[in-house]
Amino acid sequence: MARRGPGALFNVPASTNPGVSVRISMTVNGAVQDHDVEPRTLLVQYLREACALTGTKIGCDTSSCGACTVLVDDESVKSCTMFAAQADGRSVTTIEGLAPEGALHPVQQAFQDNHGLQCGFCTAGMVMAAVSLLDEIPNPTEREVREGLEGNLCRCTGYHNIVKAVLAAAGSAR
Amino acid sequence: MIPAAFDYVRAGSADEAIAILSEHGDDAKLLAGGMSLIPLMKLRLSTPSVLVDVGRVADLSYVRDAGDRLAIGALTRHRDIETSDVLAEHCGVLRAVAAQVGDNQVRHRGTIGGSVAHGDPASDLPAALLALDATFVARGRAGEREIAAADFFQGFLETALAPDELLTEIRVPKTGPRGFSYQKFNRRAQDWAIVGAVAVTNGATRVALVNMGTTPLRALAVEAALAAGAAPADASAHAADGTEPAADLNASPEYRCHLARVLTRRALEEAAT
């Protein structure tokens, strides 16, 4: 019996076919977005380049750092490790869509109040991961916040104030 | 990092996916949550010319009580496993292990079937399913067949699935809400295990190891020692017997063997409480 092994995985020659474009349509921050994309277009590229929403960052590009975190149907995902075509027909929320122009979402406000950011590069992803976490666990313990944000790396603020911010946001939503 | 180009086909059903796989053979790959495949494609270690997206085959996402065992759809996400009430009551170990896969974002996308079919010895769920003596159901053009977990993992990223087969269901025994432990040792919260040990007590105690070879492994020498009446501390001394773990930047083989013994002892002690 033929087996699905490393040979099948590693030795397939790269396709010379550019990949037939696919038409995809999704709701991004409440507005419908329709675009023709190459199938290999990652969701983060789609959001930044096709939708011109550059709040979502590309950090490690290997699904480790969480800077690219967005919500798909209200759940956090790493948009560098999802094809745009997989989000076809779904509802996507980015940092730009959390609150009306000029206003801050309670989690954003809590990050500002608690010095939960410094350089800001991880912040969009941190906030989106926190929004998803609070949706699943409205009143988390400090440990649950720390574990819930394990997929997001910060390299300057440190995590203490971020955790404080998320706990404060949970309190303000109560 | 951008993957090599491919054609994208979304399958509406398991049978449609199998038909597309049959048409394209080894040039096609199945895409479920993508948490294992997309990183490999971005590194161009995997360059399928056709990607068959089964992520929307909704009827393969379920956890069902099937009498003397549980049936889990291959496309059930880690998130749905870690929050399953059925598993909390009847197979707590699977719920606990799923909760340690990656991070929240990964668990929102990744599926149990994807993890199993990928066949990575460093993954958490394959070892747990090996300890549970799970049965995997594969569907191909000729129909369905059952594959025992012990026969399924055949080498590094190599499984018993044929190129035109789709893993549809995972069947596990009812082991109850307690009597298990998963000891995962890693450097950073979301990393793969450097070594992991899972123990499940259901009458006899079974132990499986993560990242101690090219496949997930049963610690058979430990199980035999326990069956002969050895205490956990003595039985766990055999955890690395017969293993040939790899060296990488995280650990030497000797260190991995040490970890296997220590983690197995902790797993056995916790499973007994």
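Residues numbered from 1 in each chain as written. Chains lettered and ligands numbered in written order. Predicted model: local features only at pLDDT ≥ 70, side-chain atom pairs only at ≥ 80, totals over all residues. Heavy atoms only, no water.

Colleague: Hey, could you run me through the overall build of chain A in this one?
Modeller: When you go through chain A residue by residue, the secondary structure sums to six helices and five strands. Along chain A, from the amino end to the carboxyl end, the secondary structure elements read α-β-β-α-β-β-β-α-α-α-α. Buried positions account for 51% of the 174 residues belonging to chain A. Across chain A, the fraction of contacts at a sequence separation of at least 24, relative to all contacts at a separation of at least 6, is 55%. Within the structure as shown, chain A displays about 7,800 Å² of accessible surface, and the carbon and sulfur contribution to it stands at 50%. (Helix = DSSP H or I, 4+ residues; strand = E, 2+ residues; numbered from the N terminus. Buried < 20%, exposed > 50% of the residue type's maximum accessible area, 1.4 Å probe, protein only. Contact = heavy atoms within 4.5 Å. Areas by Shrake-Rupley, 256 points an atom, 1.4 Å probe, with all protein chains shown as cover.)

Colleague: I tried to follow the domain arrangement of chain B on my own but got confused; where do I start?
Modeller: Size of an interface: often given as the accessible area lost when the parts come together. Domain boundaries in chain B define domain 1 (7–53), domain 2 (62–173) and domain 3 (180–271). Put simply, the middle of domain 1 of chain B and the middle of domain 3 of chain B, counted by C-alpha atoms, are 33 Å apart. (Domains from an automatic or database assignment.)

Colleague: Can you walk me through the nonpolar core in this structure?
Modeller: As a rule of thumb, soluble globular proteins bury nonpolar side chains together. Among the nonpolar cores identified, the biggest contains 40 residues, and B:Leu94, B:Leu129, B:Phe136, B:Ile170, B:Val172 and B:Val198 are the most heavily contacted of them. In terms of residue count, the dominant contributor to this core is helix H8 (residues 124–131) of chain B (six residues). Setting aside residues no more than four positions away along its own chain, B:Phe136 makes contact with B:Val116, B:Leu129, B:Arg145, B:Glu146, B:Ile147, B:Ala149, B:Phe152, B:Phe153, B:Leu167, B:Glu169 and B:Ile170. Counting residues in each nonpolar core, the second largest holds 30 residues, with A:Val37, A:Tyr46, A:Cys80 and A:Ala85 among its members. (Core = buried A, V, L, I, M, F, W, Y, C linked by side-chain atoms within 4.5 Å.)

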